[in-house]
Each structure stands twice: as structure tokens, then as C-alpha cells.
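Listed below, chain by chain, are the residues.
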Amino acid sequence: MSKKIAVLIGSLRKESLNRKMANLLIKLAPPSLQCQIMEIADLSLYNQDLDDNPPPAWVSFREQIKPCDGVLFVTPEYNRSIPGVLKNAIDIGSRPYGKSIWSGKPGGIISVSPGAIGGFGANHHLRQSFVFLDIVTMQQPEAYIGHAGELFNANGEISKDDIRNFLIKFINAYADWVMRSAVS
């Protein structure tokens, strides 16, 4: 039986490198994973005053993520951290206190950047937050994809075999991680 995986992209641009990477990972995923991008662009900023009567977009987002068996985060790095839009989505999913949609879900992180270090800071900031959120994060292989602006052709495919092979290794390892650790 396949596992349902929520894919969150930390960039809102239609042609972002991270969206291209997320779409590629979905194509490369084994049949054991049913991956779906969960859009975060319409989520208003988290405000605790709204917890008792949350906006419909928050309710919909939480309802989409809650039944998922795992969460895969694909993110750029902004100022050595994660983009605000991704942090906002994580906050919305973790509130109100005691009702987090993240707890116990197996997580994976791939950071994608045009820079040389491949979003290392964003990747590790997410890992740090996941400890508190109880997202059971895959440790290996770590995925920091640098120089990403040079990787994709016009069709969104990667022509470099070594990168493509690494991505296949990553998504297969994540599938194994989900199978071993998913909350049923």
C-alpha cells in the first residue's frame, strides 16, 4: 500500500528551482509513495488571536496535511535560514498548542540553492525545528543541492547523471524511512 506524502515548497515563484526539484522528486518517487504538493501561498500570517476561529485556508491546510503519512520539505535558503512563507506554514500546522499536525510524521528535507553550499543553513534550521515539532527526520542521505540554477533544462529535467542518481537515492531512502517510521 502506498503512503501519502505532503510536499511543501519553501518558494512561491512558479518557476522556482525548488518547485522544479519538488516536481522532479515526485516523478522519481517509487510507487510506494503518493506525493502531492501542498500549496502554502494562500496562508495568511499566523496570529494566535485567530486560533478559536481560524481562516478557511488554515483549516484546509491542516485537513490536507493531517492524514498524510509523511512530509517532504523542499526549500531554498533565505539569509541562512528558511523562507518566512515556509515558517508560517509550519507554525499554522503546529497550532493551536497540543493539536499539531506534524507530530510523529516522518520528514525529509532537501535544500536547493543557486549558491555553492546548497541551502545548508535552511536545511539545518528546519532540522532544529523538527525536534520540537516531533517530525521524525531522515538523517541520511542529507541533501544540499547547490548551483541549482545550472541543473535544469527547459523541460525541468536534470541532465547531470550524478545529480539525478543522487536524487533517486534520496527519494528511495525517504520511501524506506517512511515505511519504517510512518504513523498509521
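Everything quoted here is computed from the prediction, not taken from an experiment.

**Here's the deal with the overall build of the protein chain**
Turning to step 1, where the next piece is worked out: What the protein chain contains, in helices and strands, is five helices and six strands.
Turning to step 2, where the next piece is worked out: The secondary structure elements of the protein chain, listed N-terminal to C-terminal, are β-α-β-α-β-α-β-α-β-β-α.
Turning to step 3, where the next piece is worked out: The C-alpha atoms of the protein chain give a radius of gyration of 16 Å, which matches the 16 Å a tight globule of 184 residues would have.
Turning to step 4, where the next piece is worked out: Seen through its principal axes, the protein chain has C-alpha atoms that stretch 50 × 35 × 25 Å.
Turning to step 5, where the next piece is worked out: Burial analysis of the protein chain (184 residues in total) assigns 49% to the buried set.
Turning to step 6, where the next piece is worked out: Sequence-distant contacts, at least 24 apart, represent 78% of the contacts inside the protein chain between residues at least 6 apart.

**Some points on helix H3 (residues 84–94)**
Turning to step 1, where the next piece is worked out: Residues Leu86, Asn88, Ala89, Ile90, Ile92, Gly93 and Ser94 constitute the buried set of H3.
Turning to step 2, where the next piece is worked out: Tucked inside the fold, the buried residues of H3 contact strand E1 (3–9), helix H2 (56–65), strand E3 (70–75) and helix H4 (120–133).

**Quick look at the pattern of salt bridges**
Turning to step 1, where the next piece is worked out: A complete count under the given rule lists five salt bridges for this structure.
Turning to step 2, where the next piece is worked out: In this structure, the salt-bridge partner of arginine 19 is glutamate 39, at a minimum N-O distance of 3.0 Å. Of the two residues, arginine 19 sits in helix H1 (residues 17–28) while glutamate 39 sits in the loop between strand E2 (33–37) and H2, which places them 20 residues apart along the sequence.
Turning to step 3, where the next piece is worked out: Owing to a relative accessible area of 15%, arginine 19 belongs among the buried residues under this scheme.
Turning to step 4, where the next piece is worked out: Classification of glutamate 39 by relative accessible area gives partly exposed; the value is 46%.
Turning to step 5, where the next piece is worked out: Note that arginine 80 and glutamate 77 form a salt bridge whose closest N and O atoms lie 3.1 Å from each other.
Turning to step 6, where the next piece is worked out: For arginine 80, a relative accessible area of 55% corresponds to the exposed category.
Turning to step 7, where the next piece is worked out: A single salt-bridge network, built from bridges that share partners, covers Lys27, Glu157 and Arg164.

**Some details on the nonpolar core**
Turning to step 1, where the next piece is worked out: Membership of the largest hydrophobic core comes to 31 residues, with the highest contact counts inside it found for Met21 and Ile110.
Turning to step 2, where the next piece is worked out: Secondary structure elements with two or more residues in this core: E1, H1, E2, E3, strand E4 (106–112) and helix H5 (161–181).
Turning to step 3, where the next piece is worked out: With seven residues, H5 is the largest single contributor of residues to this core.
Turning to step 4, where the next piece is worked out: Those residues in contact with methionine 21 that sit more than four places away from it in its chain are Val74, Ile110, Val112, Ile145, Phe152, Ile158 and Leu167.
Turning to step 5, where the next piece is worked out: Listed in part, the 24 residues of the second largest apolar core include Ile65, Leu86, Ala89 and Ile92.

**Structural notes on the packing of H3 against H4**
Turning to step 1, where the next piece is worked out: Put simply, H3 and H4 touch, their axes get as near as 12 Å, and they point 5° apart. By the angle between their directions, the pair H3 and H4 is classed as roughly parallel. Counted together, Leu86, Ile90 and Ser94 of H3 and Leu126, Phe130 and Leu133 of H4 form the full contact between these two elements.
Turning to step 2, where the next piece is worked out: Counted by class, the contact of H3 with H4 contains five nonpolar, one polar and no charged residues.

**Looking at H1**
Turning to step 1, where the next piece is worked out: Under the 1.5 Å per step criterion, the end-to-end length of H1 is 16 Å for twelve residues, consistent within 8% with the ideal 16 Å.
Turning to step 2, where the next piece is worked out: All buried positions along H1 are accounted for by Leu17, Asn18, Arg19, Met21, Ala22, Leu24, Leu25 and Leu28.
Turning to step 3, where the next piece is worked out: Elements in contact with the buried residues of H1: E1, E2, E3, E4, strand E6 (144–145) and H5.

**Re the pairing of E3**
Turning to step 1, where the next piece is worked out: With respect to burial, E3 is a largely interior element, six of its six residues being buried.
Turning to step 2, where the next piece is worked out: Of the two faces of E3, the one lined by Gly70, Leu72 and Val74 and the one lined by Val71, Phe73 and Thr75 are each fully buried.
Turning to step 3, where the next piece is worked out: Bridge count between E3 and E4: five bridges; the pairing is parallel. Of the residues in E4, the one forming a bridge with leucine 72 is glycine 108.
Turning to step 4, where the next piece is worked out: As for the winding sense of the linkage, the β-α-β connection from E3 through H3 to E4 is right-handed.

Calculation criteria
- Sequence order sets the numbering: in each chain, residues are counted from 1 along the sequence as written.
- Since the coordinates come from a predicted model, pLDDT governs what is reported: local features require at least 70, and pairs of side-chain atoms require 80 or more to be given and counted, while whole-chain, interface and lining totals use all residues.
- Only hydrogens and water are set aside; all other atoms, that is, all heavy atoms of the structure, feed into the side-chain values.
- Numbered from the N terminus, helices here are DSSP runs of H or I no shorter than four residues, and strands are runs of E no shorter than two.
- Based on C-alpha atoms, the radius of gyration is set beside the globule rule, defined as 2.2 Å times the residue count to the power 0.38.
- Three exposure classes are used, based on accessible area relative to the maximum for each residue type with a 1.4 Å probe and protein chains only: buried under 20%, partly exposed in between, and exposed over 50%.
- Any two residues having at least one pair of non-hydrogen atoms within 4.5 Å are treated as being in contact.
- Within this document, salt bridges are pairs made up of a side-chain nitrogen of Lys or Arg and a carboxyl oxygen of Asp or Glu, the two lying within 4 Å of each other.
- Residue types Ala, Val, Leu, Ile, Met, Phe, Trp, Tyr and Cys, when buried and joined through side-chain atoms within 4.5 Å, form a set referred to as a nonpolar core.
- Each axis is a line fitted through C-alpha atoms, and for a helix only the stretch in contact is used; angles between axes span 0 to 180 degrees, taken between their N-to-C directions.
- An angle below 35 degrees is read as roughly parallel, one above 145 as roughly antiparallel, one from 65 to 115 as roughly perpendicular, and any other as oblique.
- When residues are sorted by character, Ala, Val, Leu, Ile, Met, Phe, Trp, Tyr, Cys and Pro go into the nonpolar class, Asp, Glu, Lys and Arg into the charged class, and all the rest, Gly among them, into the polar class.
- Here the expected length of a helix is defined as 1.5 Å per residue gap, with one fewer gap than residues.
- Strands qualify as paired when DSSP identifies two bridges or more between them.
- By convention, a crossover is right-handed whenever its connection, traced from the first strand over the helix to the second and viewed with the strands pointing away, goes clockwise.

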